[in-house]
Every structure is written in structure tokens, then in C-alpha cells.
Protein chains: 2
Amino acid sequence: MSFSERPQAAIMSNPRADRVRDVARLAGRSARSRQGLFLAEGPQSVREALVAHRERLSRGEEGLVTELYASQACLDRYPELAAGAEGVRTRIATDEVLAAMADTVNPQGIVAVCRFLDRPLDEVLDAGPRLLAVLCQVRDPGNAGTVLRAADAAGADAVIYSGSSVDIYNPKAVRSTAGSLFHLPVVTGVDVADLAARCAERGIGILAADGYGSLDLDELQDASAARRLGASGSAGLDGEQAPSYDLASPTAWFFGNEAQGLAPEELALSDHRVAVPVYGSAESLNLGTAATVCLYASARAQRR
Amino acid sequence: MSFSERPQAAIMSNPRADRVRDVARLAGRSARSRQGLFLAEGPQSVREALVAHRERLSRGEEGLVTELYASQACLDRYPELAAGAEGVRTRIATDEVLAAMADTVNPQGIVAVCRFLDRPLDEVLDAGPRLLAVLCQVRDPGNAGTVLRAADAAGADAVIYSGSSVDIYNPKAVRSTAGSLFHLPVVTGVDVADLAARCAERGIGILAADGYGSLDLDELQDASAARRLGASGSAGLDGEQAPSYDLASPTAWFFGNEAQGLAPEELALSDHRVAVPVYGSAESLNLGTAATVCLYASARAQRR
């Protein structure tokens with residue numbers, strides 16, 4: 001059944017309609033928190049949301065997408081979106097209505113209202129994770145989303161946001177994840193001291209990404225490569241003492257605020273402070289770059 | 001001599017003055033190109049600009065910063081900026097004037113007008129570079145700047161922008177470099193076919209970062225680590241054939257457009273297409289993430 005045959009598919013054309021305003025309010029954190037709903041905008045994000053939606057339904061869980069608004073042109077161009085939205089309340093809307101609903105000026109013809117998808121911390125930890133990305137006091141929505149996308153690429157088991165971090169359901173954060181928000185478990189509102197205690201109980205090491213760290217990520221990677229490739233002991237390390245952390249072991253990486261880095265109390269919770277080497281004269285790495293290097297280093301050590 | 005003692009330090013307070021508008025026009029590409037000038041905004045960026053300015057003067061070259069506009073509060077807070085600006089025409093301005101000049105709503109109290117700093121391609125290639133980042137048809141200013149910052153961190157010898165890429169002097173791009181724009185040589189407006197020919201003449205290998213690449217970056221890194229750590233031949237590679245490119249050799253990485261990646265004609269110019277492994281279910285890596293992983297892999301292989 002195509003959308004145009006559905007009875008509810010009368011085209012929404014009034015950008016000042018109550019329903020449009022209700023959806024648009026989800027750009028604000030208070031409306032999102034109150035309703036437990038957020039917006040996914042654009043074909044890529046909505047496609048991934050619908051995949052996650054169907055997976056949930058197939059497991060007998062509540063669906064993820066509650067409403068879908070799209071232009072006819074968008075559904076004509078991406079027929080898989082319509083096909084994937086069976087059972088989701090769907091309305092055809094004008095571009096003007098979609099622009100009024102969405103946070104972006106151009107939502108590329110489609111907006112989905114989704115239920116919050118964060119998981120309880122215990123559920124994530126009980127699943128035996130090997131690689132976790134923990135964002136402490138990260139404030140920029142684009143960074144929060146970019147790190148999540150990088151964590152997904154690196155095969156992290158979950159991304160955990162401290163209570164003091166930006167809301168991952170912020171529309172800009174959702175966009176920055178490029179659909180990865182729907183790929184791996186996310187935990188929000190976490191107290192990092194509590195998290196650190198639980199990691200310790202479970203044998204998950206905590207590494208703090210810290211420009212002033214005493215351990216050098218390159219040395220940890222060399223030691224890991226030496227083990228993997230069967231080089232004899234620490235001989236490959238030019239006689240230096242072998243680093244004191246095995247990157248292949250279960251690890252939670254702590255990443256700090258964009259401007260200040262990790263706070264002293266956050267650093268104190270970590271087992272080791274690890275510096276990403278800066279070979280050139282950059283003053284520092286941006287958060288996304290540092291997180292990428294750290295998470296990929298762990299992923300390589302754990303997977304090969 | 002403090003700023004307040006200078007005769008020219010009468011405070012600029014009219015945001016509609018001609019001079020303010022002239023500076024503000026540098027937010028646009030045509031005004032920048034016509035004058036060969038661009039804006040650095042905020043203490044971090046201006047500090048790095050002034051360092052580069054003094055280095056040029058000490059080499060007997062023309063200075064980089066032509067004018068400096070700052071609030072008294074900013075100069076009081078960062079006295080090293082005033083101290084580093086000797087010989088630069090400097091004016092104290094109100095926050096309102098600075099906001100009118102700058103691209104950002106909040107330029108953090110300081111704006112510098114700088115001369116274009118890109119270098120000729122031949123100069124960069126004749127210096128015997130070992131690691132180059134080449135951006136082909138990159139359109140987002142934030143990405144263009146973020147890759148430059150990552151290239152600086154990875155110790156790249158230069159960053160090269162194709163003629164079809166976004167203008168690196170765009171204020172958002174300048175901001176995204178976090179001062180790295182002033183650290184390493186930048187080449188703009190390059191024809192990538194011409195660049196590829198010159199790289200070939202000089203024995204610089206071209207690697208295309210390409211999600212569909214036949215070479216896997218992990219395998220190249222393992223082979224490099226095996227060489228470095230003295231593992232015997234390719235034994236560490238589980239009997240697989242050793243990869244056909246040595247990451248430690250002089251390399252130009254080609255990075256493509258954010259949405260489409262590298263064009264077929266750009267891929268055809270490369271010696272190898274190299275895929276960054278995606279361990280999780282991310283559909284792709286964002287440009288900054290992919291460039292970070294590739295450049296750091298080369299840097300590690302070249303430096304250790």
C-alpha cells in the first residue's frame with residue numbers, strides 16, 4: 001500500500017498547525033524530556049531509525065518511531081523509507097511544514113518522531129562490554145554526536161554520557177551521529193564516580209584521554225602490536241619497560257570537556273592517564289580527533 | 001608601551017564605520033580574494049597568527065598580521081597578545097565593533113586581519129615532504145579546518161586543497177583549525193592531476209582514503225609494526241601476503257568530498273585505495289575521523 005492510498009495521507013500544509021508546533025517543540029530539551037521523544041531528520045537518520053524500529057518490534061519490544069512526516073517527493077525518491085515504515089503513523093507534509101517541524105532549515109523531506117532509546121547502565125555493563133566511550137561534561141552537540149559516530153565505527157559496545165554532558169537527543173547531536181545513534185547502546189545521565197566503581201567491580205579498566213597523561217598511546221600500541229605479532233617480550237620496545245596497561249583488555253575511555261579536558265576528579269577515577277601523541281605543532285587535538293585515535297587503538301588491539 | 005598610551009588607541013565605537021565594514025567584508029570570499037586578506041578571530045587563533053607573524057619577520061619576510069582590533073578587556077586578560085603585536089597596527093574597539101567585524105557572534109574580544117599564507121606547490125614539494133594531506137572537493141569549512149588541525153597534530157608537512165575545495169580562509173574553516181592554520185604550510189587551488197604527476201616524479205606515493213579500497217589500513221599498519229618490531233618477515237601477518245605499500249614511505253593521502261568521497265578520476269590518480277576499517281555498524285566515517293586515522297597511521301609508521 002503506497003502512502004498516497006492511505007486515508008490519513010491528506011497532505012499537511014499548514015505550518016502553524018498545533019501538531020506542527022508540537023513536533024517543533026522537540027527541538028527544545030524540556031519538551032523532549034517531558035515526552036521522552038526526539039526528532040530524527042533527513043533520509044539517512046530516518047532510515048537507521050526505522051531499521052532499529054523494526055528490530056525492536058521483531059524482539060517483541062515497543063517500537064522506536066512513533067510518527068513519520070515526509071514529503072511525497074522524498075518518499076518517491078527513497079521508497080525504502082515508506083516500505084520500512086509499516087505500522088508507523090505517517091503523514092505526507094509540504095516542505096514548508098517539514099521545515100517548520102525540523103531544527104534544520106532543510107530536513108531533506110523527512111522527519112521522524114522517535115522514543116528515547118537510552119539504556120540502563122547496568123544492562124550495558126552486564127552485557128560484558130569490551131570497549132566503552134564515556135563523555136564527561138561534553139558541551140557541544142556536534143562533538144557529542146561525532147564521538148558517538150566514531151565509537152560506532154570503532155565497534156565500541158556503548159557510548160555513555162555523564163549527567164553534565166549535552167543532551168544526545170539535541171537535533172544537532174542526532175544529525176552529527178549520521179545514524180549511528182540507532183546502532184549501539186547509549187546511556188545518559190550517568191554519575192561518573194558510580195560508573196568508575198562499577199567498572200572496577202567488573203574488571204573494566206578506565207583510561208583517561210589526557211594531553212598531560214604519563215602513558216603514551218603509541219607505546220601502548222607498540223606493546224600491543226608486539227604481543228600480537230609475537231615479537232619477543234618487550235624487546236621491540238627498545239629495551240624500555242613494557243607499558244602497564246594492555247590495550248586488548250576491556251576498557252572504558254573517558255573523554256573530557258572540549259575546552260578544559262577532564263576535571264581533576266574525573267582524572268582521579270581513571271586507572272591511567274593516556275596522552276595521544278601530537279607529532280606536529282598543534283596545541284591540542286579536538287575531541288573528535290582524540291576520541292577517534294584512542295578508540296581505534298583499542299579496537300585494533302582487541303580485534304586483531 | 002601599553003596600548004592605552006598609543007596615540008592611535010582612541011577606542012573604535014561605531015559599528016557602522018567604514019573601516020568596520022571593510023573588515024567585516026572579509027567574511028566573504030570575493031573580498032578576501034580581491035585583497036589577499038582574511039580574518040583570525042579569538043585569542044587562540046590570533047596568538048598563533050602573531051607567532052607566525054614574528055617568525056616571518058625574523059626571516060626577513062613580510063609580516064602576516066596587518067591589523068589587530070581588540071577590546072581593552074581582552075588585552076588585559078591576555079597581555080601576551082599585546083606584547084606579541086609590536087609593529088602591527090592595533091586599535092582598541094568596543095565589543096559591539098568587534099562583533100560587527102567578526103563572523104562569529106562572539107569573537108572573544110580580538111580580531112586580526114592577516115595576509116593569505118598559502119605557499120606555492122613547488123616550494124612544498126621541493127622541501128622533501130614525507131606526509132601530505134590532500135583535500136579534494138571538500139565543501140564544509142568545518143571539515144576543511146578540522147582535517148588541517150588533525151594533519152598538524154599528526155605532523156604532516158603540508159595540507160593541500162584542490163581548486164574545487166572550500167576556501168580555507170573562510171572564517172568557519174579558520175576557527176576549526178584552532179590556530180593550526182598558522183603552523184604548517186598550506187597550498188590552495190591545486191589541480192590534483194598535476195599534483196599526482198609531481199608526486200610521482202618525486203617518489204611520493206598517493207593513497208586514496210576510500211571506503212571501498214582494496215588495501216586495509218589495519219594490514220598496512222600491522223606490516224609496518226612487524227618491520228619496526230623486527231618480527232620475521234610477514235610471519236606476523238598470519239601467512240597472508242605482505243601488503244604492497246610501506247606506510248613509512250613518503251605519502252600523500254587523498255581525502256574526498258564529505259558526501260560522495262573521492263571521484264573516479266581522483267581515485268584513478270592514486271597508487272592504492274585504502275579502506276579505514278569500520279569495526280561496528282557505522283555506515284561510514286566522517287571525513288575528520290577518516291583523515292585522523294589515516295594520517296596517524298602514516299605518522300606512527302614514519303616516526304617510530
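Rules behind the numbers
- Residues numbered from 1 in each chain as written.
- Chains lettered and ligands numbered in written order.
- Predicted model: local features only at pLDDT ≥ 70, side-chain atom pairs only at ≥ 80, totals over all residues.
- Heavy atoms only, no water.
- Helix = DSSP H or I, 4+ residues; strand = E, 2+ residues; numbered from the N terminus.
- Buried < 20%, exposed > 50% of the residue type's maximum accessible area, 1.4 Å probe, protein only.
- Contact = heavy atoms within 4.5 Å.
- Lys, Arg positive; Asp, Glu negative; His and termini not counted.
- Charge placed at Lys NZ, Arg CZ, Asp CG, Glu CD.
- Pairing = 2+ DSSP bridges.
- Salt bridge = Lys/Arg side-chain N within 4 Å of Asp/Glu carboxyl O.
- Polar contact = N/O pair within 3.5 Å; in protein donor to acceptor, adjacent residues only side chain to side chain.
- Nonpolar A, V, L, I, M, F, W, Y, C, P; charged D, E, K, R; others polar.
- Right-handed = clockwise from strand over helix to strand, strands pointing away.
- Axes fitted to C-alpha atoms, helices over the stretch in contact; angles between N-to-C directions.
- Parallel < 35°, antiparallel > 145°, perpendicular 65-115°, else oblique.
- Left-handed = near helix turned anticlockwise from the far one by under 90°.
- Domains from an automatic or database assignment.
- Buried area = accessible area lost by both parts, 1.4 Å probe.

Naming follows an unreviewed UniProt entry, where chain A appears as RNA methyltransferase, TrmH family of Arthrobacter woluwensis.

*Asks:* Please clarify how the overall build of chain A should be interpreted in this entry.
*Replies:* Summing up its helical and strand segments, chain A has 13 helices and 11 strands in all. Overall, the C-alpha framework of chain A stretches about 75 × 40 × 35 Å when taken along its three principal axes. Counting every position in chain A, which comprises 304 residues, the buried fraction comes to 58%. Once local pairs closer than 6 in sequence are excluded, the contacts in chain A between residues at least 24 apart make up 81%. Taking the average location of the 30 positive side-chain charges in chain A and that of its 39 negative ones, the two points are 6 Å from each other.

*Asks:* Can you help me understand the sheet that holds strand S8 (residues 205–209) of chain B in this one?
*Replies:* Each strand in a sheet pairs with its neighbour through backbone hydrogen bonds, running either in the same direction (parallel) or in the opposite one (antiparallel). Residues and elements named next belong to chain B. Overall, parallel pairing links the 7 strands, which are arranged S7-S6-S5-S10-S8-S11-S9 in an open sheet. Taken across any chain shown, the strands that pair with only one partner, and hence form the sheet edges, are strand S7 (186–190) and strand S9 (215–216). With 4 bridges connecting them, S8 and strand S10 (residues 251–255) associate as parallel partners. Counterpart to Ile-206 in the pairing with S10 is Ala-252.

*Asks:* Help me understand the interface of chain A and chain B in this model?
*Replies:* Interface size is commonly expressed as the accessible surface area that is lost when the partners come together. Taken together, the contacts link 40 residues of chain A with 40 residues of chain B. For the pair chain A and chain B, the number of links is 4 salt bridges. Asp-218 of chain A is the partner of Arg-300 of chain B in a salt bridge, and the nearest nitrogen-oxygen pair spans 2.7 Å. The interface formed by chain A and chain B holds 22 residue pairs in polar contact (both at pLDDT 80 or more) in total. Considering only residue class, the side of chain A that touches chain B consists of 16 nonpolar, 13 polar and 11 charged.

*Asks:* Even after reading the chapter, I still don't get the pairing of strand S7 (residues 186–190) of chain A, so can you show me in this structure?
*Replies:* Looking along a regular strand, one sees side chains alternate from face to face of the sheet. All names here are of chain A. As judged from the 3 bridges shared by strand S6 (residues 158–162) and S7, these two strands associate in the parallel manner. Bridge pairing in S7 places Val-159 opposite Val-186. In the classification by handedness, the crossover that spans S6, the intervening helix H9 (residues 171–176) and the parallel S7 is right-handed.

*Asks:* Before we go on, may I ask you to explain the sheet that holds strand S2 (residues 65–70) of chain B in this structure?
*Replies:* All names here are of chain B. Pairing is mixed across the open sheet formed by 4 strands, whose spatial order is S1-S4-S2-S3. At either margin of the open sheet sits one strand with a lone partner, and together these are strand S1 (37–41) and strand S3 (89–92). Recorded for the sheet is a direction-independent mean angle of 15 degrees between the axes of neighbouring strands. Bridging between S2 and strand S4 (residues 110–115) involves 5 bridges; their strand directions are antiparallel.

*Asks:* Would you explain the pattern of salt bridges in this entry?
*Replies:* Scanning the model with the defined rule gives 40 salt bridges over all chains in all. For Arg-25 of chain B, the salt bridge goes to Asp-22 of chain B, with nearest N and O atoms at 2.9 Å. On the basis of relative accessibility, which here comes to 47%, the residue Arg-25 of chain B falls in the partly exposed class. The partly exposed category is assigned to Asp-22 of chain B, whose relative accessible area is 32%. Through salt bridges with shared partners, one network takes in Asp-122, Asp-126, Asp-194, Arg-198, Glu-201 and Arg-202 of chain A.

*Asks:* Which parts of the structure should I look at to understand the packing of helix H13 (residues 287–303) of chain A against helix H13 (residues 287–303) of chain B?
*Replies:* The N-to-C vectors of H13 of chain A and H13 of chain B enclose an angle of 60 degrees; their axes lie 9 Å apart at closest approach. As judged from the angle between their axes, H13 of chain A and H13 of chain B are oblique. Of the two possible hands of crossing, H13 of chain A and H13 of chain B adopt the one that is right-handed. Two secondary-structure elements touch here, H13 of chain A through Thr-289, Thr-292, Val-293 and Tyr-296 of chain A and H13 of chain B through Thr-289, Thr-292, Val-293 and Tyr-296 of chain B. For the contact of H13 of chain A with H13 of chain B, the per-class residue count stands at 4 nonpolar, 4 polar and no charged.

*Asks:* Sorry if this is basic, but what is going on with the domain arrangement of chain A here?
*Replies:* Residues and elements named next belong to chain A. Per the domain assignment, the segments of chain A are domain 1 (18–115) and domain 2 (121–302). Here the C-alpha centroids of domain 1 and domain 2 sit 31 Å apart. With 16 residues of domain 1 at the interface, the matching set in domain 2 holds 14 residues. A combined buried area of about 1,200 Å² lies between domain 1 and domain 2, and 59% of that area is made up of carbon and sulfur atoms. The three residues of domain 1 that bury the most area against domain 2 are Arg-32, Phe-38 and Glu-48, which together make up 38% of that side's buried surface. The interface formed by domain 1 and domain 2 contains 4 salt bridges. For the salt bridge of Asp-103 with Arg-175, the shortest nitrogen-to-oxygen distance reads 3.3 Å.

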